[in-house]
Amino acid sequence: MAFVVSSGELATTGAGVLPAYVPATFRAQPWEYETIWRTQPQVRTVIGFIARNIAQLGVHVFRRVSDTDRERLTQHPLAQLLAEPLPRMTQFRFIERLVSDVALYDNAYGIKLKLDGRLRILPVPPRLIRPYGGNWIAPEYYDTPGGRQFAPDEVVHIHGYSPTDLTYGESPIESLRDLILESSEANKQRQAMWKGGARLTGVLVRPADAPEWDATDRRRFREMWRTFSQGGGAEGGTPILEDGMDYKPVGFNPEQAQYIEARKLTREECAAAYFIPPPLIGILDHATYSNIKEQHAHLYQDTLGPWTVMLQQEFVAQVLPDLPDNQDVYCEFNVDAKMRGDFESQAAAASTATGRPWMTVNETRARNNLPAVDGGDTLIVPLNVTEGGLASPRDTAPDTGDGGPKAGGLPRRKASGRPSELGTFASERDALERTLTAFTERQADALLAAAGAKADDDGGGMPDLLALWAQDSDDRLAQLQALLAHHGYRLAQVGAWDVLDVHNPEAENWSAEVMLAWILAAAQTHAAQHEEAGRAAVAAVQEEGGDGWREALQSAAVAWGSAATARARTAATETRSFGGHDAAGASGLTRKIWRTGGQNPRPSHKAQDGEAVSLDDVFSNGLRWPGDGQGRTEELVNCNCTLDYSAKED
């Protein structure tokens, strides 16, 4: 057995150095990675996502008092250093740079400085510093372009894994180099295509029996062709061929080249290289609200967790020894703040954990910027919480016995499943249609009254209708969103229970509340589109002008009311379909089947009746479900189709 004697210092062992040892190949230069970051949006997106999400966490410093207790240190030198690494440099920018450097180069550097008696860290771009000399265990010093050399203990060097030594990291970009080069070359091809008026490359074929061209004719035709194909100013026009010429395309067309698919693949590969789930960086092909929510929950555990642990340990190993009072001191990223859930979840957990209400009236009023009231500093404790033996004050509302909602809560389903207060799809859709139409008519009447009053004040001329419209736009949008979200939540539950009643009557692994975020986002989209439809109608009246503007504005109001009917039906179909899709995923169903409905369905919908695809795929018309807001408008309006679901693959 061999031993290494190092006299207190780690020495070179010679391990792995054989007579046939071949030196490692040259690494890429730092400026190559810098160029890739500057020019490749996929790389910049992924690295920016990692760096910004870690930088926003904040770093807290603690002292370990015992195995079960710790003390938060806000004035410790390490806490002060991380809060302000350099004068006027924030903690966010410091962490963002470190993480970005490690992500791009797999190396991050910082020089330790003493300013005003305090330790500071100057982040150094990796292209301006490098380890030099020494051996594969540790460098002799760090070299900078100005000729200044820094000892290893004067530099913070955070790096990843390298198969050749312990002093340097190997950038993940190396594994993506060929893919990025392919994407870059494809981008050059696209630029050439657009420069040529989006024409494909090809050759001109002139018949053998065509009359002979002289130099003047040949030059004239060449110049004419260049105006259509090489930036001559006529791109997009139609050239006139002579003497029976024929144009034969050569090469790939845009569809065959699959430009969109190639760009998406590049981003997916970049995300995979950094272990990021694709939906988190905007690749939503197979995304649902349920799996996106789960991926957000795992973001700070599996995706960014290793990064935060690495940085915490590097700070303790490389920075803390240079600071006083460092016994049992360590630091942590504030991941808990991101893992606590939304306010409702935190409030419910706090109430359950304490067994009683946990805020006074005045504390709640203070959070809402309201003044304190007499008697508001006493914690109200319901008697049946302290005497009735209940686990939580949220259990004190009386049970109606019929599955109806408790006061102030979300609908509770009966033992048999479907909430009793939900109607059929037709009744819930009609309720949305009536509510949205009535709201639209009220807003239109208010605009007509305001325009008439303004015109009378100004002597009868047409007022600035768009200015009048804009005055109440924010309020209308807020009311529209609330209205659409309320009805959308009910319609989504209707669609969900249509699936659950058949495949999962006990609603295992499914919760209506999980759909709320998606429904709010869909309501915001529909509200913005309905608001824009009204604004466009008013803008048309404003542009036309004339003495008949009052009648034109009245007609525009009627048209906007008609649009409300179509909007309500489209939104109803979309939210019901989403609810069914969400319930199908929670119930373990893997296939969805398109069922064409209505008296006069679209040809595309009629043709795909019975078409079956995997749950996360899209149908041949590009939709994930009937009314899918990501589809083309002509595929959505007044759609009456539905979906069936199955766990079978046939």
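Owing to the predicted nature of the structure, the values given are computational and were not obtained by experimental measurement.

Basis of the calculations
- Residues numbered from 1 in each chain as written.
- Predicted model: local features only at pLDDT ≥ 70, side-chain atom pairs only at ≥ 80, totals over all residues.
- Heavy atoms only, no water.
- Helix = DSSP H or I, 4+ residues; strand = E, 2+ residues; numbered from the N terminus.
- Buried < 20%, exposed > 50% of the residue type's maximum accessible area, 1.4 Å probe, protein only.
- Contact = heavy atoms within 4.5 Å.
- Areas by Shrake-Rupley, 256 points an atom, 1.4 Å probe, with all protein chains shown as cover.
- Pairing = 2+ DSSP bridges.
- Axes fitted to C-alpha atoms, helices over the stretch in contact; angles between N-to-C directions.
- Core = buried A, V, L, I, M, F, W, Y, C linked by side-chain atoms within 4.5 Å.
- Expected span 1.5 Å × (residues − 1).
- Phe/Tyr/Trp six-rings, centres within 6.5 Å; stacked < 30°, edge-to-face > 60°.
- Lys NZ or Arg CZ within 6 Å of the ring centre and 35° of its normal.
- Salt bridge = Lys/Arg side-chain N within 4 Å of Asp/Glu carboxyl O.
- Parallel < 35°, antiparallel > 145°, perpendicular 65-115°, else oblique.
- Left-handed = near helix turned anticlockwise from the far one by under 90°.
- Nonpolar A, V, L, I, M, F, W, Y, C, P; charged D, E, K, R; others polar.
- Polar contact = N/O pair within 3.5 Å; in protein donor to acceptor, adjacent residues only side chain to side chain.
- pLDDT = per-residue confidence, 0-100.

## Description of the overall build of the protein
Part 1 of the reasoning: Looking only at helices and strands, the protein features 20 helices and 14 strands.
Part 2 of the reasoning: Taking all 650 residues of the protein together, 38% fall into the buried category.
Part 3 of the reasoning: Considering only intrachain contacts with a sequence separation of at least 6, the fraction spanning at least 24 residues in the protein is 68%.
Part 4 of the reasoning: For the protein, the exposed surface amounts to about 36400 Å²; the carbon and sulfur share of it is 52%.

## What to know about the environment of Pro145
Part 1 of the reasoning: Examined against the element boundaries, Pro145 turns out to sit in the loop between β6 (141-143) and β7 (149-150).
Part 2 of the reasoning: Sequence separation between Pro145 and Arg127 is 18 residues, and the spatial gap between their C-alpha atoms is 9.2 Å.

## A few points about the sheet that holds strand β3 (residues 107-115)
Part 1 of the reasoning: Sheet architecture is open: 3 strands sit in the order β4-β3-β8, paired in antiparallel fashion. Edge positions in the sheet fall to β4 (118-124) and β8 (155-159), since each has one partner strand and no second. Averaged over all pairs of adjacent strands, the angle between their axes in this sheet comes to 25°, without regard to strand direction.
Part 2 of the reasoning: In terms of strand pairing, β3 meets β8 through 5 bridges, oriented antiparallel. Residue Ala108 lies in a different strand from β8, and its bridge partner there is Ile158.
Part 3 of the reasoning: Its contacts with the sheet place helix α4 (residues 91-105) against β3, β4 and β8, and it is angled at close to 145° to β3.
Part 4 of the reasoning: Contacting β3 and β8, helix α10 (residues 305-318) crosses the sheet at an angle of about 150° to β8.

## Topic: the pairing of β3
Part 1 of the reasoning: Relative to β4, β3 runs antiparallel, the two being bridged by 7 bridges. Bridging from a neighbouring strand, Leu113 pairs with Arg120 of β4.
Part 2 of the reasoning: In textbook terms, the turn of a hairpin is the stretch between consecutive antiparallel strands, and for β3 and β4 this stretch comprises 2 residues, one of which, Asp116, has a positive phi near 55°.

## Brief notes about the nonpolar core
Part 1 of the reasoning: By size, the foremost hydrophobic cluster in this structure holds 52 residues, and its most contacted members are Ile50, Ile54, Leu78, Ile95, Tyr274, Phe315 and Val319.
Part 2 of the reasoning: Not counting the four nearest positions on each side in its chain, Tyr274 is found in contact with Val46, Ile47, Ile50, Ala103, Leu104, Pro172, Ile173 and Trp307.
Part 3 of the reasoning: Core analysis: the next-biggest nonpolar cluster, separate from the first, contains 45 residues, Leu436, Leu491, Trp497 and Trp625 among them.

## Describing helix α15 (residues 425-457)
Part 1 of the reasoning: In a regular helix each residue adds 1.5 Å, so 33 residues correspond to 48 Å; α15 covers 48 Å between its end C-alpha atoms and thus fits that length.
Part 2 of the reasoning: Downstream of α15 by a residue or two, Gly459 has a phi angle that is positive, lying close to 90°.

## Here's the deal with the packing of aromatic side chains
Part 1 of the reasoning: All told, the structure shown has 11 aromatic pairs when counted by the stated rule.
Part 2 of the reasoning: An aromatic cluster is defined as three or more aromatic residues linked by ring pairs; in this entry it consists of Trp518, Phe578 and Trp625.
Part 3 of the reasoning: For the cation-ring pair, Arg64 lies above Tyr330, with the distance from its terminal atom to the ring centre recorded as 4.6 Å.
Part 4 of the reasoning: The side chain of Arg576 reaches across the aromatic face of Phe425, ending 3.7 Å from its centre.

## Here we look at the sheet that holds β7
Hydrogen bonds between backbone groups are what pair the strands of a sheet, and the pairing can be parallel or antiparallel.
Part 1 of the reasoning: Strand order in the open sheet formed by 3 strands is β5-β6-β7, and the pairing between neighbours is antiparallel. The open sheet has two free edges, formed respectively by β5 (130-132) and β7, since each of these has just one partner strand.

## Digging into the pattern of salt bridges
Part 1 of the reasoning: Taken as a whole and assessed by the stated rule, the structure comprises 15 salt bridges.
Part 2 of the reasoning: One salt bridge connects Glu34 with Arg127, and the closest N-O pair in it is separated by 2.8 Å. Here the residue Glu34 occupies a position in helix α1 (residues 30-39), and Arg127 occupies one in the loop between β4 and β5, the gap between them amounting to 93 residues.
Part 3 of the reasoning: Close ionic contact of Arg595 with Asp644 constitutes a salt bridge, the shortest N to O distance being 2.8 Å. Residue Arg595 is found in strand β12 (residues 591-595), and its partner Asp644 is found in strand β14 (residues 642-646); the two are separated by 49 residues along the sequence.
Part 4 of the reasoning: The class for Asp644 is partly exposed, based on a relative accessible area of 34%.

## Concerning the packing of α4 against α10
Part 1 of the reasoning: In the contact formed by α4 and α10, the axes pass within 12 Å of each other and the chain directions differ by 110°. With respect to α10, the axis of α4 lies roughly perpendicular. Residues Phe94, Ile95, Leu98, Val99, Val102 and Ala103 of α4 touch α10, and the partners they reach there are Trp307, Met310, Leu311 and Phe315.

## Re the packing of α15 against helix α19 (residues 549-586)
Part 1 of the reasoning: Packing of α15 against α19 leaves a shortest axis separation of 8 Å and a crossing angle of 155°. By the criterion of interaxial angle, the relationship of α15 to α19 is roughly antiparallel. For the crossing formed where α15 meets α19, the hand is right-handed.
Part 2 of the reasoning: Residue composition of the contact of α15 with α19, by class: 16 nonpolar, 8 polar and 8 charged.

## Focus on the environment of Tyr274
Part 1 of the reasoning: Along the chain, Tyr274 falls in the loop between α8 (259-273) and α9 (289-303).
Part 2 of the reasoning: Its relative accessible area of 5% is what places Tyr274 among the buried residues.
Part 3 of the reasoning: Separated by 171 residues in sequence, Tyr274 and Ala103 have C-alpha atoms that sit 8.1 Å apart.

## Overview of helix α2 (residues 41-55)
Part 1 of the reasoning: With 15 residues, α2 should reach 21 Å at 1.5 Å per residue; the first-to-last C-alpha distance of 20 Å fits that figure.
Part 2 of the reasoning: Residues of α2 that are buried include every one of Gln42, Val43, Val46, Ile47, Phe49, Ile50, Ala51, Asn53, Ile54 and Ala55, and no others.

## Here we look at the side chain of Arg591
Part 1 of the reasoning: Mapping Arg591 onto the fold places it in strand β12.
Part 2 of the reasoning: Within the structure, the side chain of Arg591 is placed 3.5 Å from the backbone oxygen of Ala612, a separation counted as a polar contact.

## Quick look at the confidence of the model for the protein
Part 1 of the reasoning: Confidence in the prediction for the protein averages 78 pLDDT; 76% of positions are at 70 or higher.
Part 2 of the reasoning: Scored below 50 in pLDDT, residues 12-26 makes 8 contacts in the model with residues more than four places away or belonging to other chains.
Part 3 of the reasoning: Taken as a whole, residues 386-416 scores under 50 in pLDDT and shows 51 contacts with residues more than four places along the chain or in a different chain.

## A closer look at unusual backbone geometry
Part 1 of the reasoning: Positive phi outside glycine occurs at Arg88, with the angle close to 70°.
Part 2 of the reasoning: Secondary-structure assignment places Arg88 in the loop between α3 (77-83) and α4.
Part 3 of the reasoning: Residue Phe275 is not a glycine yet carries a positive backbone phi of 60°.
Part 4 of the reasoning: We classify Phe275 as exposed; its relative accessible area is 66%.

## Concerning the environment of Glu433
Part 1 of the reasoning: Along the polypeptide, Glu433 turns up in helix α15.
Part 2 of the reasoning: Those residues in contact with Glu433 that sit more than four places away from it in its chain are Thr565, Ala568 and Arg569.
Part 3 of the reasoning: A polar contact is formed between the side chain of Glu433 and the side chain of Arg569, at a distance of 3.3 Å.

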